[in-house]
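Read off the chains here:
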Amino acid sequence: QQDLYIPPLAVSGQPVTPKECEVQRDDVYDRVIPALDPDIIIGMNLGYELPGQVIQYRGSDEKTLKNGSPEFNELLERTTSASVEQLKGDHRRVVVLEPIPYAAFGFDPLVCLADAAVLEACRFVVDPAVSGLEQIYRTIDGDDDQMWSVDIDGLVCPYAPICDPIVNSEVVRVDGSHLARTFARTITPAIDAYFKQNLILDP
């Protein structure tokens with residue numbers, strides 16, 4: 001979302017600052033999307049808004065707000081609503097894939113599976129509650145025929161709140177939060193069906 005930030009991160013060993021993220025994001029909103037003029041825009045992000053998350057959203061002043069406070073929730077609602085409006089333009093459909101359950105930072109499924117005697121040793125348990133930001137997505141979805149909020153937790157963690165390391169005979173993740181491409185391909189039929197049933201794509 002525009003005007004949302006997170007603290008500096010190291011990506012592939014290289015530091016990434018909020019300013020660098022802002023430059024890339026502005027380029028997407030101001031140049032790339034108008035130039036491509038897509039019919040559908042799909043967005044997805046990590047659950048930075050979840051309680052206990054080490055890396056949390058900040059406003060443009062980079063001030064850290066208490067997670068779940070009225071100020072924090074107002075920031076998420078304002079920036080999300082404005083960003084959806086900008087992404088929609090006058091004709092586009094916007095699909096938000098809600099944040100999927102994630103493991104602790106540093107979790108490596110392949111390392112865990114290589115060392116484990118049983119698959120259950122590499123399971124993890126998540127809080128199934130709907131986050132404040134997910135509720136904002138769903139509220140916008142309910143009020144706007146051009147926006148959809150899609151919960152794919154059941155595809156990623158069929159036995160939620162337990163998340164298994166292997167689903168559909170594939171390793172689910174490459175780390176604590178990112179899906180493996182081979183696994184992601186196994187859930188595309190379900191997502192394709194959802195898009196057609198909800199007329200995001202023509203049936």
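It should be noted that the structure appears before, not after, this text.
Residues numbered from 1 in each chain as written. Predicted model: local features only at pLDDT ≥ 70, side-chain atom pairs only at ≥ 80, totals over all residues. Heavy atoms only, no water.

### Quick notes on the state of the cysteines
- Under the counting rule described, the total for this entry stands at two disulfides.
- In this model cysteine 112 forms its disulfide with cysteine 122; the gap between the sulfur atoms is 2.2 Å. For the disulfide bridge between cysteine 112 and cysteine 122, the dihedral angle about the S-S bond is near -105°, and by the sign convention the bridge is left-handed. Here cysteine 122 lies in the loop between helix H3 (109–115) and strand E5 (124–125) and cysteine 112 lies in helix H3, a separation of 10 residues in the sequence. (Disulfide = S-S within 2.5 Å. Helix = DSSP H or I, 4+ residues; strand = E, 2+ residues; numbered from the N terminus.)

### Topic: helix H4 (residues 132–143)
- Over its 12 residues, H4 runs 17 Å from end to end, which matches the ideal 16 Å to within 8%, given 1.5 Å per residue.
- Among the residues of H4, Leu133, Glu134, Ile136, Tyr137 and Ile140 are the ones counted as buried. Buried residues in H4, looked at end-on, bunch into an arc of 155°, giving them a common side. Residues Gly142 and Asp143 are exposed on H4 and point more than 90 degrees away from its buried face. (Expected span 1.5 Å × (residues − 1). Buried < 20%, exposed > 50% of the residue type's maximum accessible area, 1.4 Å probe, protein only. Arc of directions from axis to C-beta.)

### Some words on unusual backbone geometry
- Note the cis peptide between alanine 160 and proline 161, where omega equals 15°.
- On the secondary structure map, proline 161 appears in the loop between helix H5 (153–156) and strand E7 (162–163).
- For asparagine 168, which is not glycine, the phi torsion reads 55° and is therefore positive.
- Checked against the element boundaries, asparagine 168 lands in the loop between strand E8 (166–167) and strand E9 (170–171).
- In this structure, serine 169 takes a positive phi of about 65° despite not being glycine.
- Position of serine 169 among the secondary structure elements: in the loop between E8 and E9.

### Here we look at the pairing of strand E3 (residues 40–44)
- As judged from the five bridges shared by E3 and strand E4 (residues 93–97), these two strands associate in the parallel manner. Its bridge partner being in E4, isoleucine 42 is matched across the sheet by valine 95.
- As for the winding sense of the linkage, the β-α-β connection from E3 through helix H2 (residues 70–88) to E4 is right-handed. (Pairing = 2+ DSSP bridges. Right-handed = clockwise from strand over helix to strand, strands pointing away.)

### Section: the environment of isoleucine 200
- With respect to the helices and strands, the residue isoleucine 200 is situated in the segment after helix H7 (188–197).
- By relative accessible area, which is 0% here, isoleucine 200 ends up buried.
- Isoleucine 200 sits 120 residues away from threonine 80 along the chain, and the two C-alpha atoms are 20 Å apart.
- Ignoring anything within four residues of it in the chain, the contact list for isoleucine 200 reads Ile40, Arg93, Val95, Trp148, Tyr194 and Phe195. (Contact = heavy atoms within 4.5 Å.)

### Looking at the pattern of salt bridges
- The full count for this structure, using the stated rule, is 10 salt bridges.
- Of the charged contacts, one joins lysine 196 and aspartate 192 as a salt bridge, the two residues approaching to 3.2 Å between their closest N and O atoms. In this pair, lysine 196 and aspartate 192 both sit in helix H7, four residues apart, roughly one turn of the helix.
- Each of Glu85, Lys88 and Asp144 takes part in one network of salt bridges that share partners. (Salt bridge = Lys/Arg side-chain N within 4 Å of Asp/Glu carboxyl O.)

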